[in-house]
Amino acid sequence: MLLQIDKLKFVGHFRTAACVQASRGAPKRIVIYCWAQRFRNTLTVLPNNSMDTYRNFIGGEWVESTSSRMVQNLNPANTDDVIGSVRQATRDEAKRAVDAAAEAFRGWRATPAPARGRIVARAARLLEDHKEELAQILTREEGKTIAESRGELQRSINVAEFCAGESRRMNGETIQSELSSNFAYTIKQPLGVVACVTPWNFPVAIPVWKVAPALVAGNTVVFKPATLTPATGVRIVELFQEAGIPPGVLNLIIGSGSEAGDAIINHPAVKAVSFTGSNQVGIRLYEEVSRRGAKVQCEMGGKNPVLVMEDADMELAVESTAQGAFGSSGQRCTATSRVVVVNDVADEFVERIAKRAGSMRIGAGNDPATEMGPTVDEDQFKTVLSYIDIGRDDGATLVCGGSRAMGDGLDKGYFVNPTVFDHVTADMRIAREEIFGPVLSVLRVKDFDEAMQVANDCEYGLSSSIFTTDAVRVFRFVDEIETGMTHINSPTTGGEAHIPFGGIKGTGIGDREQGSTALDFYTDLKVVYVDYTGRKREGNLY
Ligand code: UN1
């Protein structure tokens, strides 16, 4: 990983080489600093034993955890590549982070929103300046392709820019009264300390789309990234620090959900928790946090259907479905996991999607030729393979994939072949449960009505898509599909920074994230009645 020299502090001086100390503490890297008459050059050398041990950021200080519980941060494309190690933060450290955030709240709340927004705008610039560096880290620790990582970085920059702009639009309403010389208005106020608990699959974009609006709204934040992706989490916080976030306003705790996470979400000073992750964790978190009256926003699983009608542009339907199902190795809550296709075109669709899946270039994400990277870790890898077994056992027809991907350079990573099952029925587990891997289920139906019924027969409601050229069907689909977001003739994945994101049914709890709704979750609405008659009220106002 290439480090920039301005991030490092020299501890010696000499013409050819210097030991440097990482600005955040213990010796970590050796930089050889070459100087010659005509040029200056910096090289970064990472000795084998010089892995990062990620630190927590509490009250403006980078502090090493005292915990003895360590986990390694591995490259899922090659587990010999140990990126760093994580000491799982203790309950006490988590509590200290919340206390620091609580202490910083008064000052941050009093900072005008546009001034808060300016810091977030600076963070957006820094994300842009470090886009390639962060994309490389993302690919190395999460596995997605470098093109996907760059896309995620761009989306994060867009979100930060959008939120910075929102700081100048924290407007309320002025409302006419039933009484003369009276009116009412509303103001948006910050909540206090909020916790942002984020998953590994979008380890830059999701933290940014939670932390940026939380800060703009005037809250102080404790951010807990997934322990599988600590390096990106640390880098994001470093950039916000560099952007000028005051001490205590943004804190980082890297640790397990059961210990550090539990301590954060149950701390009485935490007024709101924004969570993205599995239903299993999200529902438990919701029960606990809402019980003590704090706000909760959960963005959870998906089982997103694509409908393919007989009048679809087949090439477009196949390409878009492959993109949605196998992009990010299917590890997106908006990934396509079901195709509901009418019988007339089912054979053709299955043949073409299987061919496309079989031709995908699988490999390490940092190879620009790679189309699909690995699954994120051993657990996820095993889960995906076990769902493939379940599909087979339940009687679905395996059309392609269905196994670990083997071959040159793949044996040290968690690669799964893109998999397509045909003749899946709505009662099968692979049609109902979120797999979070490159596994696509094809469900055949007789017509549009049956397609709608099958598509909606699902506990989740995040995203969906239809491929048709019939405008009547498009609008019936939009009307009837039970998902929070839907796409016409395009993949189920993706979203834009200035557009609300989220699902219904079992997918989402609480306000929508991003876009015009981004600040709703992070603010309380106060209503102010103003009476400027100067007299005792005569009329009846109930
Ligand atoms: C996207 O697919 O556009 O965890 C982003 C997830 C979602 C974010 C996905 N909350 O996959």
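Conventions adopted
- Residues numbered from 1 in each chain as written.
- Predicted model: local features only at pLDDT ≥ 70, side-chain atom pairs only at ≥ 80, totals over all residues.
- Heavy atoms only, no water.
- Core = buried A, V, L, I, M, F, W, Y, C linked by side-chain atoms within 4.5 Å.
- Buried < 20%, exposed > 50% of the residue type's maximum accessible area, 1.4 Å probe, protein only.
- Helix = DSSP H or I, 4+ residues; strand = E, 2+ residues; numbered from the N terminus.
- Domains from an automatic or database assignment.
- Polar contact = N/O pair within 3.5 Å; in protein donor to acceptor, adjacent residues only side chain to side chain.
- Contact = heavy atoms within 4.5 Å.
- Near = heavy atom within 4 Å.
- Areas by Shrake-Rupley, 256 points an atom, 1.4 Å probe, with all protein chains shown as cover.
- Nonpolar A, V, L, I, M, F, W, Y, C, P; charged D, E, K, R; others polar.
- Pairing = 2+ DSSP bridges.
- Axes fitted to C-alpha atoms, helices over the stretch in contact; angles between N-to-C directions.
- Phe/Tyr/Trp six-rings, centres within 6.5 Å; stacked < 30°, edge-to-face > 60°.
- Salt bridge = Lys/Arg side-chain N within 4 Å of Asp/Glu carboxyl O.
- pLDDT = per-residue confidence, 0-100.
- Expected span 1.5 Å × (residues − 1).

1. Regarding the nonpolar core
Here is step 1: Core analysis: the biggest nonpolar cluster contains 69 residues, and Leu215, Val221 and Phe240 have the highest contact counts within it.
Here is step 2: Ranked by residue count, the leading element in this core is helix H5 (residues 205–216), at nine residues.
Here is step 3: Residue-level mapping places this core at the junction of two domains, with at least three residues from each of domain 2 (55–61 + 68–299) and domain 3 (304–488).
Here is step 4: If you look at the next biggest cluster of nonpolar residues, it comprises 54 residues, including Met309, Ala317, Met372 and Phe477.

2. As for the side chain of Thr336
Here is step 1: Tracing the backbone through its elements, the reader meets Thr336 in strand E18 (residues 336–342).
Here is step 2: Of the polar contacts made by the side chain of Thr336, one reaches the side chain of Thr492; its length is 2.7 Å.
Here is step 3: Setting aside residues up to four positions removed in sequence, Thr336 forms contacts with Asn304, Val306, Thr321, Gly324, Ala325, Leu440 and Thr492.

3. Some remarks on the site of the ligand
Here is step 1: Lining the immediate environment of the ligand, one finds Arg155, Asn201, Phe202, Ile206, Trp209, Thr276, Glu299, Arg332, Cys333, Thr334, Gly494 and Phe501.
Here is step 2: Between the ligand and Arg332, the relevant distance is 2.8 Å, taken from an oxygen atom to a side-chain nitrogen or oxygen of the residue.
Here is step 3: Measuring from an oxygen atom of the ligand, one finds a backbone N or O atom of Cys333 at 2.6 Å.
Here is step 4: Calculation on the ligand without its partners gives an accessible area of 320 Å², and the protein chains cover 98% of this total.
Here is step 5: Residues belonging to the shell around the ligand are distributed by class as follows: five nonpolar, four polar and three charged.

4. Section: the sheet that holds strand E20 (residues 419–422)
Here is step 1: The seven strands lie next to each other as E19-E20-E21-E18-E17-E23-E24, forming an open sheet whose pairing is mixed. Because the sheet does not close on itself, it has two edges, and the strands there are strand E19 (397–400) and strand E24 (487–488).
Here is step 2: Taken together, the five bridges between strand E17 (residues 304–308) and E18 define a ladder with parallel strand orientation. Within E18, the position partnered with Val306 by the bridge is Val339.
Here is step 3: This element, helix H11 (residues 378–393), spans E19, E20 and strand E21 (439–445) of the sheet and lies at about 20 degrees to E20.

5. Some remarks on the packing of aromatic side chains
Here is step 1: Under the counting rule described, the total for this entry stands at seven aromatic pairs.
Here is step 2: A ring pair is formed by Phe183 and Tyr532, whose centres lie 6.4 Å apart and whose planes are at 65 degrees; its orientation type is edge-to-face. Taken as a pair, Phe183 in strand E11 (residues 182–190) and Tyr532 in the segment after strand E27 (523–531) lie far apart in primary sequence, 349 residues in all.
Here is step 3: Phe183 gets classed as partly exposed once you look at its relative accessible area, which sits at 32%.
Here is step 4: Summarising the aromatic geometry, the rings of Trp200 and Phe436 are spaced 5.6 Å apart at their centres and angled 80 degrees between planes, so their arrangement reads as edge-to-face. Highlighted residues: Trp200 in the loop between strand E12 (193–197) and H5 and Phe436 in the loop between helix H12 (429–432) and E21, separated in sequence by 236 residues.

6. Focus: the environment of Val478
Here is step 1: Along the chain, Val478 turns up in helix H14 (residues 471–480).
Here is step 2: In this structure the C-alpha to C-alpha distance between Val478 and Ser465, which are 13 residues apart in sequence, comes to 9.2 Å.

7. Re the pattern of salt bridges
Here is step 1: Evaluated as defined, the whole model comprises 32 salt bridges.
Here is step 2: One salt bridge in this structure joins Arg392 and Asp389, with 3.3 Å as the shortest N-O distance. With Arg392 and Asp389 both in helix H11 and three residues apart, the pair spans about one turn of that helix.
Here is step 3: Overall, the relative accessible area of 38% leaves Arg392 in the partly exposed class.
Here is step 4: Owing to a relative accessible area of 41%, Asp389 belongs among the partly exposed residues under this scheme.
Here is step 5: One salt-bridge network, held together by shared partners, links Arg55, Glu64 and Arg87.

8. Considerations on the environment of Ala121
Here is step 1: One can find Ala121 in helix H2 (residues 113–129).
Here is step 2: Here the alpha-carbon distance between Ala121 and Ile157, two residues 36 residues apart in the chain, equals 9.2 Å.

9. Re the confidence of the model for the protein chain
Here is step 1: Of the residues in the protein chain, 90% have a pLDDT of 70 or more, and the chain-wide mean is 91.
Here is step 2: With pLDDT under 50 throughout, residues 1–50 is counted as low confidence; its partners more than four residues away or in other chains account for 85 contacts.

10. Points about helix H3 (residues 131–142)
Here is step 1: Taking 1.5 Å of rise per residue, the twelve residues of H3 would be expected to cover 16 Å, and the 16 Å separating its terminal C-alpha atoms lies within 8% of that figure.
Here is step 2: Considered for burial, the residues of H3 that qualify are Glu133, Leu134, Ala135, Ile137, Leu138, Thr139, Glu141 and Glu142.
Here is step 3: Against the buried residues of H3 lie strand E8 (70–75), strand E9 (78–87), H2, helix H4 (146–166) and helix H6 (230–243).
Here is step 4: Once H3 ends, the next one or two residues include Gly143, with phi positive near 105 degrees.

11. So, unusual backbone geometry
Here is step 1: Backbone geometry at Ser181 places phi at a positive 55 degrees, although glycine is not the residue there.
Here is step 2: Along the polypeptide, Ser181 turns up in the loop between strand E10 (174–176) and E11.
Here is step 3: Residue Ser181 is classed as partly exposed on the basis of its relative accessible area of 30%.
Here is step 4: Although it is not a glycine, Gln514 sits at a positive phi angle of roughly 65 degrees.
Here is step 5: With respect to the secondary-structure elements, Gln514 resides in the loop between strand E26 (508–509) and E27.
Here is step 6: The exposure class assigned to Gln514 is buried, which follows from its relative accessible area of 3%.

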